[in-house]
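Residue-level structural notes
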Amino acid sequence: MMICSYRAFLRDGFSKIMDKVLGRALHALCIKGLFHLSTFHINTLIYFYSRIGRIDLARYLFDRMPDRNQASWNTVISGHVQAGQFTEAVSFFRQHRACSLNPNGFILASLVTGCDRSGCMLEEGTQLHGLAVKIGLTCDVYVGTSILHLYGAYGLISLARKFFDEMPHRNVVSWTSLMVGYMDYGEPWKVIELYRSMGREGKNCNENTFATVVSSCASLEKLSTGLQVLGHIMKLGLESHTSVGNSLISMFGSFGSIRQAWQIFDHVDERDMISWNAIIFAYSSKGHLKESLDLFHKMRFFHDDLNSTTLSTLLSASGSPDNLKWGKGIHSLVVKSGLSLNICVGNTLLNMYSEAGIIEDTELAFNEMPEKDSISWNSMIACYVLEDRSLNALELFIKMLSLRREINYVTFTSALSACSSPKFLIQGKIVHTLVILVGLQDNLIVNNALITMYGKLQLMSEAKKVFQKAPRHDIVTWNALIGGHAENSECEEAIKSFKLLREEGSLLNYITIMSILSSCMTSNDLMTRGMPIHALTVINGFEFNNYIQNSLISMYVRCGDYSLGNQIFQEMDAKDPIAWNSIISVSAHQGYSEEAIKLFRAMIISGVEKIDNFSFSGGFAAAANSSALEEGRQLHALVVKLGLDYDLYVINAMMDMYAKCGELYCMMSILPETIERSRMSWNVMISAFARHGCLEEARKTFHEMVELGIEPDHVTFVALLSACSHGGLVDEGLGYYNSMKRDFNVSPGIEHCVCIVDLLGRSGRFLEAETFIEKMPVTANDHIWRSLLSACKVHGNLKLGRRAAEQLFKLDPSDDSAYVLYSNICANSSRWEDMESVRWRMGSIKKKPACSWVNLKDSVNSFGMGDKSHPQAVQIYTKLEELRRMIKEAGYVPDTTFALQDTDDEQKEHNLWNHSERLALAFALINVPKGSTIRIFKNLRVCGDCHSVYKFVSKIVNRRIILRDAYRFHHFEGGLCSCHDYW
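Everything numeric here is computed off the predicted structure, so don't read it as measured data.

1. So, the UniProt feature "repeat: PPR" (unreviewed entry) in the protein chain
Here, the residues flagged by UniProt with the feature "repeat: PPR" (unreviewed entry) are residues 69-103, 171-205, 272-302, 474-508, 576-610 and 678-712. Helix and strand shares over residues 272-302 are 87% and 0% respectively, and the end C-alpha atoms of the span are 9 Å apart. Secondary structure across residues 576-610 comprises 74% helix and 0% strand; the distance between its end C-alpha atoms is 9 Å.

2. Re the environment of Cys-666
Along the chain, the position of Cys-666 falls in helix H40 (residues 664-669). Look at Cys-666 and you get buried, because its relative accessible area is 16%. Separated by 245 residues in sequence, Cys-666 and Ser-421 have C-alpha atoms that sit 33 Å apart. Those residues in contact with Cys-666, other than ones at most four positions away along the chain, are Arg-633 and Tyr-658.

3. Some remarks on the nonpolar core
In this structure, Ile-279, Phe-616, Phe-620 and Leu-788 are the most contacted members of the largest nonpolar core, which totals 263 residues. With residues up to four places along the chain from it excluded, the contact list for Ile-279 reads Ile-249, Ala-261, Trp-262, Phe-265 and Leu-295.

4. Digging into the pattern of salt bridges
All chains considered together, the criterion is met by 34 salt bridges. Linking Glu-487 and Lys-456 is a salt bridge whose minimum nitrogen-to-oxygen distance equals 3.9 Å. Linking Glu-487 in helix H29 (residues 475-487) with Lys-456 in helix H27 (residues 444-456), this pair joins segments that are 31 residues apart in sequence. Looking at Lys-456, the relative accessible area reads 39%, which means it is partly exposed. Of the charged contacts, one joins Glu-889 and Arg-885 as a salt bridge, the two residues approaching to 3.7 Å between their closest N and O atoms. In this pair, Glu-889 and Arg-885 both sit in helix H51 (residues 873-889), four residues apart, roughly one turn of the helix. Taken together, the shared-partner salt bridges connect Glu-881, Arg-884, Lys-888 and Glu-909 into one network.

5. Some details on the pairing of strand E4 (residues 961-964)
Neither face of E4 is exposed, since Ile-961 and Leu-963 on one face and Ile-962 and Arg-964 on the opposite face are all buried. Of the strand pairs in this sheet, strand E3 (residues 934-938) and E4 are connected by four bridges, and their pairing is parallel. When the bridges of E4 are listed, Phe-937 appears paired with Arg-964. Where E4 lies against strand E5 (residues 969-973), four bridges are found, and the strand directions are antiparallel. Within E5, the residue paired with Ile-961 across the bridge is Phe-972. Taking the residues that link successive antiparallel strands as the turn, the E4-E5 hairpin has four residues.

Reading guide: rules and limits
Residues numbered from 1 in each chain as written. Predicted model: local features only at pLDDT ≥ 70, side-chain atom pairs only at ≥ 80, totals over all residues. Heavy atoms only, no water. UniProt positions renumbered as here; feature names shortened; annotations may be inferred. Helix = DSSP H or I, 4+ residues; strand = E, 2+ residues; numbered from the N terminus. Buried < 20%, exposed > 50% of the residue type's maximum accessible area, 1.4 Å probe, protein only. Contact = heavy atoms within 4.5 Å. Core = buried A, V, L, I, M, F, W, Y, C linked by side-chain atoms within 4.5 Å. Salt bridge = Lys/Arg side-chain N within 4 Å of Asp/Glu carboxyl O. Pairing = 2+ DSSP bridges.

Here is the structure:
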């Protein structure tokens, strides 16, 4: 036995010895003189020490070798490469060359591999490539493969491909190296092309090849291709091989096919840590955290050591409020195992707390990280952006720059997202400049972020410039451009961009369809755009996509075809909360409030899994818009029952509902504490006070908001300027308007300009109103001219009214309000022929009929002009005559200028008493219990004479009456109105 071992040592030296203690003991015996070490044996000893990680001892032996041969140099150089001492390896090679020894393929391949692994020795690797060409070793398949891998690792994929095409001999490793290069470069489709080329050339794949190809199928989201590759793998019997099985588990996990992932996992011969991580990821990515934790528990029986990848996977799955308790438990395990110092785990902790919406814990995790990489900084910036804390995000970005931290395209993407509010316009342009300075202006993802940012800043001209200069567009680029046009109501531009996209031959995705559907806003768009896009959706196979279905529902309802929108909703196979929320919200905001309330009830009856704050937002909006106070109160009760009465989003929606239903006291009773109010809470309050004529309260609320450090936005100023307009506070309103940009960096929009025109016009300052329209920062639209025309009606300004009306006729010839308002001005000026001319010009355009209604228990009682269809019509008209007599005795004199027909005064007075708001008042007095507040709602502005009637009635019958017209609330009590006769 000893003789055999001795002979083996003579033959193999130390090359076959794997035990550290045995190898060192045998070396000691040789030193003692038991055996003389030849050059061959010393070479094997150098190899032994290199393999066990003692490169210092290997180097010691090499330096003292009496005779060195080619193998000596090869062994010590490859040992340095194995030990990660790449610079030393190259230095040794230079000495090797100085000794006039010719390198062989082994040594060159080893050195090139070292340059590859170092990540910073491209120049040395390129020089070695040149040497290989010079001495004719590029035809060596191992040298060639190492060079191929070098260029791929450094992202020089075009050089790698060129070299690959020039290789005279390629083995499976060469093919696989190029595939890995393409995969790392982000071009997985090239991997599939190479795989198919291998098949055409009759080349066999090995385990590493299949692992790379399967990973590419997952990246491309090509399940059909993945299944074809799986068939090839099974044909060769490689599905149970560890590396192949791991990639298959990961692929099926990414597709959400947990059953198939488990089947592969169950058949893998030798499961390593990667196998367990892959199957845990498959379950966790589908939201099955409990099953993931069970698998983690089982894994501990086979692999006692905790793995950072496993813990990161579990932490990623815990990033929701419901799962955070498990995440905190895993966080404790991270600390206990000492992995809290691991940057990868630290970054995952950041993401977990960020996704759970706990910004304080996210900041704590970030600040406690001993080392931070670019992912850490980028994650924290992204977290601030998601939490709408743009200023914090930009401050952190600036800190990164000052500390000279590595910034990349991800950093700039988050920084640009932080600049998506108009108040950060200047900062956005500065970040854009920095993008150019660091040379990322051609980066596809950065360009997409720039287009998105400029779209949200309402600077689509800048967005188009970025788009046109970009060297490459993908579907995300097109979606950003189309979505930007749609969001900025540039519907024609959105359609043009969509047509260009199709002409270019780019493949659409569901986001493209959603963006272009959102550009369809009116009934005219339905036939010309909406339905053709719906047809295109079917052709492209998107008709069963839930997101597309929800967008189609919104488009049809928004364009006035509720029945088709509802039909799509009813035909949906699975109605999830998003689908319910979508149809309820769009119905509520497009005037189908009764239908929205019915849908909300149906959603509750259907037992939908989760009614969330978005559901209640739509429900409360429906109740608010239809003034359905009783339904709103029922929703409030349900909110309390479900424990959502502390959700600020829901509270804001409830406050808005109570305000729009005339219940300011109820709104104030649920108002959050000052410190807890969001900007939306303050906006709702200011808007409510403005609408109810509480002008001083609106101004006080605004100043309190500013003093607390809450920055007002464009919505705040719309509400504030509306309050000034309702109260005739001209100078104050102009002061607030001028402070918008100067003090708060809020750029005036069309809504603010409408308020100013209304403010000046209603106060009779028409010259200033005209000057303002000429100089305002946005182009005048129909709202501007309609506001001016309405003011001309109040003051009887026929000349300016004619100009405003002509502008409206040009902008929208089908707008009935323009004809009605101008004809009323003509009638008030006794220009009956002109009035008839306008009515003739109006042609077949139908005037929006006046309608008033009263909500009584579960019924809505509505009335039109001279309506006699109500079951209580006889009692109503009897009550009207009674009221007429009573208020005339109290001093009421009818103002017949509000009866716009060329008839005698008696007929005019009769017509006034047929107004819908008077019929509603008579009905309410008959049916609303005494002592209760009467609430009446009208779809148009209340008539001036009816306003007088309401004041008289409130005093005579001693009732509190709240009338909400299209513009504001009027609170009548004791013969007075909250508007002080200015509306």
